[in-house]
Amino acid sequence: MLAYTFRRLLLATPILLGVALVCFMLVHLAPGDPLVSVMPPDASEALREQLVKAYGFDKPLPVQFGLWLWHALHGDLGMSIASGRSVASEVFNAVGYSLRLAVLATVIGFMFGSLFGFVGGYFQGSWLDKLASACSAIGVSVPHYWLGMLMVIVFSSQLGWLPATGGGPMGQSAWAWDWAHLQFMVLPAITLSVIPTGIIARTVRAQVAEILAQEFIVGLRAKGLGEWGLFRHVVKNAAPTAMAVMGLQIGYLMGGSILVETVFAWPGTGLLLNSAIFQRDLPLLQGTIWVLALFFVVLNLLVDILQTLLDPRIKRG
Amino acid sequence: MSEQPMVAVQDLKVRFKRGGQTLAAVNGVNLSVARGEVLALIGESGSGKSVTLRALMRLHAERSTRIEGRIEIAGQNLMALSRRQLQALRGPVAAMIFQEPLLALDPVYTIGQQIIETLRRHRPMPRAAAREAALEALRSVRIPSPEQRLDAYPHEMSGGMRQRAMIALALACQPKLLLADEPTTALDATVQIQILILLRELQQALGLSIIFVTHDIAAAVEVADRIAVMYGGRIVEQAPLAELLNNPQHPYTRVLLGTRPKDGLRKGERLVSIPGAPPDLANLPAGCAFAPRCPQASDLCRSEVPAIEAVLADHSVCCHHWNRLPI
């Protein structure tokens, strides 16, 4: 198992380098001048050159990449052009917010998705199955920024139960695990959980239906197991796939929630990316994308390892 | 027969509802198996032999299946049992082994876990004792290095070992009746014979009753005391092994035995096959199901289902013309 993990880690290294190269290139290939946002419109040519030098944009691209990578490996992702703060600390802070939200949303999604999936798989073709399938189809297809706005209108504006936007009470910048902070998470987490609910429900339903049609289910009945005994076997057989889908969903939600984080002004990576794009803040954009990609690679790795632990049929060689 | 039979089935009918269609898979089967007797149920695919076997333990999905008739196992009326009573019967009274153990065993549990689960389901016992009993069960089927097999997953073993493990699982709770659903079909020829010998030995040592479903007459000959031939969801002929082989009466039994190359198939010799196709279970003919393929069929055969007639005391046949057929 250890050897397997080590081998997978080694394999992940070139992926990380490749990802670093791709996000560096993407950001530099995009049109626009990053210095426009920091320079006054009437800046002199001398000031411009000074800034270009300060940010290192005068060096050839390969050298820029090499330098960036070298610093990145030491935990220094450069300075944000727009805010002047260290990119690493901004990204780190935002990742914390996004991760909390993504994990909560995925947990909600996993609970409801598994429930709908098991109900659908067990009672195939019944009205319960149709209801669960309809719910998951709606979950996958509804535009979630629209759902987010709807939730804000209903639960914040109309009912006034929960705050509409933000990542915590006014005037407090640090996160804390109390209701004053948690209440800000409720609406965005529910909004975000709709997609994983739908995806997990569909995966689990297909899994459960497939498992129940297998011969070993008859075998288990033939040795006298009751419905609950059978259920244990179905869960253990469905778990590897469900876990894999859940792990990947956390990855998607980490970087893919730009719209929802923007709607709720949740200070996560999505909001950070959004502002970095609009401000042409190259170091921030580059750093955020790279850290998100890192997360995705690591999550994939964890999912793979978890799957080999759960499913004995996957070879550990 | 002085003592009560292990299995007594009267007029068993099994219907599957599939889409708008009704499949008449079993159409009035009567059979009885004495204690310690091995009955082989042979026939083509779709003849209803496996369906009959599964109906004996009421393993078909309740929603889409209708079972009629009378099923008695060890004196208990299966049709009257509650779900809980049925579960208590499956395992300690009647157990089943399947054609493909790789599909019939749960792939994500070890062999040991699966045997222990069965044992503890029926007899509350500490885990360590159950493990010891599971090991004993594996030893009794003479699996090589049983201690290792206990912690092996089904996919880690060879086909023959898996089938031995499944037999160990089935016999773990000391049932009196073993239902074997083509247990040798998926195995290599050399392994087949080993499994058949093992089954025969276990049957004699434990005094088991076995119903052995197969399409392979050679396998049936190895283990059976009595053979019942099925066609179109009915038993068309039933007799002790030697009697059936030497004195087959039903035209279907005759062609079935004729398809078996007597001294091996020689090069250039054609394999005998039965012309026509097995009956469509959604649309069975009004009379004898074999009539469309039978060389001796008459109008009577096509319009009326023949009754069961006795050739000898223990040899019955279901054919209008059995005593008028050319020998």
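As annotated in an unreviewed UniProt entry, chain B is ABC-type dipeptide transporter from Pseudomonas typographi. Note on chain B: under the UniProt heading Catalytic activity (unreviewed entry), the record states "a dipeptide(out) + ATP + H2O = a dipeptide(in) + ADP + phosphate + H(+)".

Per an unreviewed UniProt entry, chain A goes by the name ABC transporter permease and belongs to Pseudomonas typographi. Under Subcellular location (unreviewed entry), UniProt gives the following word-for-word description of chain A: "Cell membrane". Regarding chain A, the UniProt comment filed under Sequence similarities (unreviewed entry) reads as follows: "Belongs to the binding-protein-dependent transport system permease family. OppBC subfamily."

Participant: Looking at this structure, how should I read the pattern of salt bridges?
Facilitator: Side chains that differ in charge, positive against negative, can pair when their charged atoms come close. Inspection of every chain in the model, using the stated rule, returns 22 salt bridges over all chains. The salt bridge involving Arg205 of chain A is made with Asp129 of chain A; its shortest N-O contact spans 2.8 Å. Note that Arg205 of chain A is positioned in helix 7 (residues 179–212) and Asp129 of chain A in helix 5 (residues 127–141), a separation of 76 residues in sequence. Under the relative-accessibility criterion, Arg205 of chain A is labelled partly exposed at 26%. For Asp129 of chain A, a relative accessible area of 4% corresponds to the buried category. Here Arg139 of chain B makes a salt bridge to Glu147 of chain B, at a shortest N to O gap of 3.5 Å. Taking the relative accessible area as the measure of exposure, Glu147 of chain B reaches 45% and is therefore partly exposed.

Participant: Would you mind going over the UniProt feature "domain: ABC transporter" (unreviewed entry) in chain B with me for this structure?
Facilitator: UniProt annotation of "domain: ABC transporter" (unreviewed entry) refers to residues 7–257 of chain B when read in the numbering used here. Helix makes up 40% of residues 7–257 of chain B and strand makes up 27%, while its end C-alpha atoms are separated by 27 Å.

Participant: Any chance you could explain the sheet that holds strand 7 (residues 177–181) of chain B here in plain terms?
Facilitator: Note on sheets: strands pair through backbone hydrogen bonds, and any given pair is parallel or antiparallel. Residues and elements named next belong to chain B. On the basis of which strands lie adjacent, the open sheet formed by 8 strands has the order 6-7-8-3-9-10-12-11 and mixed pairing. On the outer flanks of this sheet lie strand 6 (94–97) and strand 11 (309–312), each paired with one strand and no other. Taking the axes of each pair of neighbouring strands and ignoring which way they run, one obtains an average angle of 20° across the sheet. As paired strands, strand 11 and strand 12 (residues 315–317) are joined by 3 bridges and run antiparallel to one another. From the neighbouring strand, Glu309 faces strand 12, where its bridge partner is Val317. The sheet contacts of helix 7 (residues 159–171) involve strand 6 and strand 7, and relative to strand 6 the element is tilted by about 170°.

Participant: What is the right way to read the UniProt feature "transmembrane region" (unreviewed entry) in chain A from this model?
Facilitator: Residue and element names in this part refer to chain A. The sites that carry the UniProt feature "transmembrane region" (unreviewed entry) are, in the present numbering, residues 101–123, 144–162, 182–201, 250–269 and 289–310. As a span, residues 101–123 carries 96% helix and 0% strand, and end to end its C-alpha atoms are 32 Å apart. Counting secondary structure, residues 182–201 comes out at 100% helix and 0% strand; the distance between its end C-alpha atoms is 26 Å.

Participant: Explain a nonpolar patch on the surface to me, please; I cannot follow it from the model alone.
Facilitator: Residue and element names in this part refer to chain A. Nonpolar side chains collect at one region of the surface, where Tyr145, Trp146, Met149, Leu150, Ile153, Val154, Leu159, Trp161 and Leu259 lie side by side and expose about 870 Å² of accessible area between them. A per-element tally of the nonpolar patch places helix 6 (residues 144–158) first, with 6 residues. The class for Leu159 is partly exposed, based on a relative accessible area of 41%.

Participant: Before we go on, may I ask you to explain the packing of helix 4 (residues 87–122) of chain A against helix 12 (residues 282–310) of chain A in this structure?
Facilitator: For any two helices packed against each other, the geometry is given by the interaxial angle and the distance between the axes. All names here are of chain A. It is the contact of helix 4 with helix 12, at a shortest axis distance of 10 Å, that shows an interaxial angle of 45°. One way to sum up the angle between helix 4 and helix 12 is to call them oblique. The way helix 4 lies across helix 12 gives a crossing that is right-handed. Within the contact between the two elements, helix 4 uses Val87, Glu90, Val91, Val95 and Leu99 and helix 12 uses Pro283, Leu284, Gly287, Thr288, Val291 and Phe295.

Participant: Help me understand the environment of Ala88 of chain A in this model?
Facilitator: All names here are of chain A. With respect to the element layout, Ala88 can be found in helix 4. Separated by 152 residues in sequence, Ala88 and Pro240 place their C-alpha atoms 34 Å apart. Not counting residues within four places of it along the chain, the set of residues in contact with Ala88 comprises Gly75 and Leu77.

Participant: In this structure, what is going on with the nonpolar core? I would like to understand it.
Facilitator: Considering soluble globular proteins, one finds that nonpolar side chains tend to be buried as a cluster. With 84 residues, the main nonpolar core has Val7, Leu31, Ile115, Ile167, Leu178 and Ile211 of chain B as its most contacted residues. Ignoring any residue separated from it by four or fewer positions in sequence, one finds Ile115 of chain B in contact with Ala134, Leu138, Ala168, Leu169 and Ala172 of chain B. Leu101, Leu192, Leu253 and Leu273 of chain A belong to the second-largest nonpolar core, a separate cluster that totals 46 residues.

Participant: What am I meant to see in the side chain of Arg162 of chain B here?
Facilitator: Residue and element names in this part refer to chain B. With respect to the helices and strands, the residue Arg162 is situated in helix 7. Summary of buried charges: Arg162 has no salt-bridge partner, and the nearest side chain of opposite charge, Glu100, is 4.6 Å away. Sequence-distant contacts of Arg162, that is, excluding residues within four places in its chain, are made with Pro101, Leu102, Leu105, Pro154, His155 and Met157.

Participant: Can you help me understand the interface of chain B and chain A in this one?
Facilitator: Across the contact, 26 residues belong to chain B and 22 residues belong to chain A. Buried surface at the junction of chain B and chain A, both sides included, amounts to about 2200 Å², of which 55% is carbon and sulfur. If you sort the residues of chain B by the area they bury against chain A, Val108, Tyr109 and Glu117 of chain B come out on top, with a joint share of 26%. At the boundary of chain B and chain A, one finds 3 salt bridges. Residue Arg54 of chain B is joined to Glu215 of chain A by a salt bridge in which the shortest nitrogen-to-oxygen separation is 2.8 Å. Viewed at the interface, chain A and chain B are joined by 12 residue pairs in polar contact (both at pLDDT 80 or more). Among the secondary structure elements, those contributing two or more residues to the side of chain B that touches chain A are helix 2 (83–89), strand 6, helix 3 (101–104) and helix 4 (111–122) of chain B. Among the residues forming the side of chain B that touches chain A, the class breakdown is 13 nonpolar, 6 polar and 7 charged.

Participant: How do you make sense of the sheet that holds strand 4 (residues 65–73) of chain B when you look at a structure like this?
Facilitator: Residue and element names in this part refer to chain B. Taken together, 4 strands build an open sheet; the order of strands is 2-1-4-5 and the sheet is antiparallel. Edge strands, defined here as strands with exactly one partner in the open sheet, are strand 2 (21–33) and strand 5 (76–77). Sheet analysis places strand 1 (residues 7–18) next to strand 4, joined by 8 bridges and oriented antiparallel. Within strand 4, the residue paired with Gln10 across the bridge is Arg70.

Cut-offs and rules
Residues numbered from 1 in each chain as written. Chains lettered and ligands numbered in written order. Predicted model: local features only at pLDDT ≥ 70, side-chain atom pairs only at ≥ 80, totals over all residues. Heavy atoms only, no water. UniProt positions renumbered as here; feature names shortened; annotations may be inferred. Salt bridge = Lys/Arg side-chain N within 4 Å of Asp/Glu carboxyl O. Helix = DSSP H or I, 4+ residues; strand = E, 2+ residues; numbered from the N terminus. Buried < 20%, exposed > 50% of the residue type's maximum accessible area, 1.4 Å probe, protein only. Pairing = 2+ DSSP bridges. Axes fitted to C-alpha atoms, helices over the stretch in contact; angles between N-to-C directions. Contact = heavy atoms within 4.5 Å. Patch = residues over 30% accessible without salt bridge, like charges linked within 9 Å, V, L, I, M, F, W, Y side chains within 5 Å. Areas by Shrake-Rupley, 256 points an atom, 1.4 Å probe, with all protein chains shown as cover. Parallel < 35°, antiparallel > 145°, perpendicular 65-115°, else oblique. Left-handed = near helix turned anticlockwise from the far one by under 90°. Core = buried A, V, L, I, M, F, W, Y, C linked by side-chain atoms within 4.5 Å. Lys, Arg positive; Asp, Glu negative; His and termini not counted. Buried area = accessible area lost by both parts, 1.4 Å probe. Polar contact = N/O pair within 3.5 Å; in protein donor to acceptor, adjacent residues only side chain to side chain. Nonpolar A, V, L, I, M, F, W, Y, C, P; charged D, E, K, R; others polar.

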